[in-house]
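For reference, the chains in residue letters:
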Amino acid sequence: MIKRINPGSRMSAAVLHDNTVYVAGQVSADAQDVKGQTELILKKIESLLAAAGSSKSKLLSATVYLADIKTYEQMNAVWDAWVDPANSPARATVETRLAAPKYLVEITVIAAV
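Numbers given to residues run from 1 along each chain, matching the order in which its sequence is written. Local features are withheld for residues below a pLDDT of 70 in this predicted model, meaning they are given only at 70 or higher, and side-chain atom pairs are given and counted only at 80 or more; totals for whole chains, interfaces and linings count all residues. To get the side-chain values, take all heavy atoms of the structure and skip hydrogens and water.

1. Focus on helix α2 (residues 72-82)
Going by this rule: Each residue is placed in one exposure class: buried if its accessible area under a 1.4 Å probe, protein chains only, is under 20% of its type's maximum, exposed if it is over 50%, and partly exposed if it falls in between. Each helix is a run of H or I in the DSSP string that is no shorter than four residues. Each strand is a run of E no shorter than two, and both are numbered from the N terminus. Here, the arc refers to the directions that run from the helix axis to the C-beta atoms. Residues count as neighbours in contact if any of their non-hydrogen atoms are within 4.5 Å of one another.
Of all the residues in α2, the buried ones are M75, N76, V78, W79 and W82. Angular distribution of buried residues about the axis of α2 spans 165 degrees; they occupy a single face of the element. Summarising the geometry of α2, the exposed residues directed more than 90 degrees from the buried face are E73, A77, D80 and A81. Next to the buried residues of α2 lie α1 (34-51), β4 (59-66), β5 (90-95) and β6 (105-112).

2. Remarks on the pairing of strand β3 (residues 20-26)
Rule in force here: Only strands that DSSP links by at least two bridges are regarded as paired with each other.
Among the seven residues of β3, five are classified as buried, and the element is accordingly described as predominantly covered. Of the pairings in the sheet, the one linking strand β2 (residues 12-17) to β3 comprises four bridges and is antiparallel in character. In the sheet register, V15 faces β3, and the bridge partner there is Y22. Counted along the chain from β2 to the antiparallel partner β3, the turn is two residues long, and its residue D18 has a positive phi close to 50 degrees. Here β3 runs beside β6; their pairing, made up of five bridges, is antiparallel. The residue bridging T20 from the neighbouring strand is A112, located in β6.

3. Some details on the pairing of β6
Taking every second residue as pointing to the same face, the buried face of β6 carries V105, I107, V109 and A111, while none of E106, T108, I110 and A112 on the other face is buried. Sheet topology note: the β4/β6 ladder contains seven bridges and is antiparallel. Opposite V64, over in β6, you have I107 as the bridge partner.

4. Some thoughts on the nonpolar core
Our working definition: Here, nonpolar core means buried Ala, Val, Leu, Ile, Met, Phe, Trp, Tyr and Cys residues that are tied together by side-chain atoms lying within 4.5 Å of each other.
In this structure, V21, V23, I45, L49, W79, I107 and V109 are the most contacted members of the largest nonpolar core, which totals 26 residues. For this core, the element with the highest residue contribution is α1, accounting for six residues.

5. Examining the sheet that holds β3
For clarity, the cut-off: Convention adopted: a line fitted to C-alpha atoms gives each axis, helices being fitted over their contacting stretch, and angles between N-to-C directions are expressed from 0 to 180 degrees.
Strand order across the open sheet formed by six strands is β1-β2-β3-β6-β4-β5, with mixed pairing between neighbours. Each end of this open sheet is capped by a strand with a single partner; those strands are β1 (2-7) and β5. Neighbouring strand axes in the sheet, compared pairwise and without regard to direction, differ in orientation by 10 degrees on average. As judged from the six bridges shared by β4 and β5, these two strands associate in the parallel manner. Its bridge partner being in β5, V64 is matched across the sheet by T93. Its contacts with the sheet put α1 on β1, β2, β3, β4 and β6, and the angle it makes with β6 is roughly 25 degrees.

What follows is the structure, encoded as structure tokens:
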């Protein structure tokens, strides 16, 4: 079974296959700093996981993309307050140019259902 969540012509926000949900890279330009963007992105991720029948306690892996690695600690402060410490995922954080200068953070996750 494949279920697409918030599908579009280019991509779906998340795709559920068997017992795994793949959440596309989430961004938010509704905040002007890394902390605010990270908070909003994690809320989006939580909502997408719930729509797939999953939750942050079932995260398997996460990739965090930062426009500037100097903001690593700011992003981590929000991440650490959000993530389930008893069920933390495998995670990578990389510095890269994002799709537009207004995006400071992008996060993608994979979770069990």
